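# Chain and residue survey
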Amino acid sequence: MRIVDVKQFFSLAGGTRQYTWATISADEALKIAEPRLRCPECKGAIGLFRRSEDGATPNRGEHKARNRGCSLGDRFDGVHRMAVNPIEPNEESVLAQS
Ligand SMILES: [Zn+2]
């Protein structure tokens, strides 16, 4: 997946800062030191990976445990399901400007 959820302090509209989940690009997430991560869709645990030397695969997040019920994974079976062990599924992620 090219987008990931990270939890950190973000500046929101109105100038407040809030510790929250936000959906950002994998490119941006790679600039963060030891980010807390989850999949934006199924809330499952993911890892971050840098693009391959030859460019065949981009900067990206990948599920730690494959979830065929997540359209951001590579084996989506067409039926959306949350991860078996979702990370803070009750906390919505905001769309952050970075
Ligand atoms: Zn997922």
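Here the structure is shown first, and the text comes after it.
Nothing here was measured: the structure is a model prediction, and the numbers come from that model.

The rules behind the values
Along every chain, residues carry numbers that run from 1 in the direction the sequence is written. Residues qualify for local features only when their pLDDT is at least 70, as the model is predicted, and side-chain atom pairs are given and counted only at 80 or more; totals for whole chains, interfaces and linings, by contrast, use all residues. The helix and strand labels rest on DSSP assignments: H or I over at least four residues marks a helix, E over at least two residues marks a strand, and numbering proceeds from the N terminus. In this description the radius of gyration comes from C-alpha coordinates, and the expected globular size is given by 2.2 Å times residues to the power 0.38. The exposure label follows from counting other C-beta atoms within 10 Å of a residue's C-beta, where the C-beta atoms are placed from the backbone and the thresholds are 20 or more for buried and 12 or fewer for exposed, leaving partly exposed in between. The contact rule is simple: place each C-beta atom from the backbone, and if two of them lie within 7 Å, those residues are in contact. Two strands pair if DSSP finds at least two bridges between them.

### Regarding the overall build of the chain
A tally of helices and strands in the chain yields one helix and six strands. Computed over the C-alpha atoms, the radius of gyration of the chain is 14 Å, within 12% of the 13 Å expected from 2.2 N^0.38 for a compact globule of 98 residues. By its C-alpha atoms, the chain is 40 × 35 × 20 Å across when sized along the principal axes. The buried share among the 98 residues of the chain stands at 27%. In the chain, the proportion of contacts linking residues at least 24 apart, taken out of those at least 6 apart, comes to 49%.

### Focus on unusual backbone geometry
The phi dihedral of Glu 34 is positive, around 45°, even though this residue is not glycine. One non-glycine residue, Lys 43, lies in the positive phi region at around 65°. Inspection of the secondary structure puts Lys 43 in the loop between β3 (36–38) and β4 (46–49). Lys 43 sits in the buried class, given 22 other C-beta atoms within 10 Å.

### Remarks on the pairing of strand β1 (residues 3–11)
Every regular strand shows the same layout, with side chains that alternate between the two sheet faces. Across nine bridges, the pairing between β1 and strand β2 (residues 17–25) is antiparallel. The residue bridging Lys 7 from the neighbouring strand is Trp 21, located in β2. From the end of β1 to the start of β2, which pair antiparallel, there are five residues, and Gly 14 there has a positive phi angle of about 95°. Of the pairings in the sheet, the one linking β1 to β3 comprises three bridges and is antiparallel in character. Looking at β3, one finds that Val 6 is bridged to Leu 37.

### A few points about the environment of Glu 41
The residue Glu 41 is located in the loop between β3 and β4 in this model. A tally of 22 C-beta atoms within 10 Å means that Glu 41 is categorised as buried. Distance in space between the C-alpha atoms of Glu 41 and Leu 72 is 7.1 Å, their sequence separation being 31 residues.

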